[in-house]
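Single-letter residue listing:
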Amino acid sequence: MPDMSASASLAMTHLVTLAELDEDKVTPGVLGFIVFAVMALAVWGLMRSMSRHMGKVDFKEAPDPEVEASGRAEPQKG
């Protein structure tokens, strides 16, 4: 069986020269993408959970005693 490490390293040297790597360029890389993806999924899950919980809220506002006493339902200016 032929030794594949020599041909693999030769192929990598050709690919590296084709990529023209710039040592001064800073990129987030794979780790940055993974962190961003995890954070995006967490925010999506939290928004979905909040939406479900807000749908369960049954809020009924108590009537304003001043409006009932005056007998009018006009909004106050202020």
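Residues numbered from 1 in each chain as written. Predicted model: local features only at pLDDT ≥ 70, side-chain atom pairs only at ≥ 80, totals over all residues. Heavy atoms only, no water.

Colleague: Can you break down the overall build of the protein residue by residue, with the values?
Modeller: Each helix and strand in the protein was counted, giving three helices and zero strands. Mapped in sequence order, the helices and strands of the protein form the string α-α-α. Counting all 78 residues of the protein, 0% fall into the buried class. When the accessible area of the protein is evaluated, it comes to approximately 8,000 Å², of which 66% is carbon and sulfur surface. (Helix = DSSP H or I, 4+ residues; strand = E, 2+ residues; numbered from the N terminus. Buried < 20%, exposed > 50% of the residue type's maximum accessible area, 1.4 Å probe, protein only. Areas by Shrake-Rupley, 256 points an atom, 1.4 Å probe, with all protein chains shown as cover.)

Colleague: Can you lay out helix H2 (residues 29–56) for me, pointing to particular residues and giving the numbers?
Modeller: Taking 1.5 Å as the rise per residue, H2 with 28 residues should run 40 Å; its terminal C-alpha atoms sit 41 Å apart, in good agreement. Judged by how many residues are buried, H2 sits mostly at the surface: zero of 28 residues are covered. (Expected span 1.5 Å × (residues − 1).)

Colleague: So what about the confidence of the model for the protein? Which residues, and what values?
Modeller: A residue-level look at the protein finds 63% of positions with pLDDT of 70 or above and a mean pLDDT of 78. Within the protein, helix H1 (residues 4–19) has the poorest average pLDDT of any element, 62, and H2 the best, 96. (pLDDT = per-residue confidence, 0-100.)

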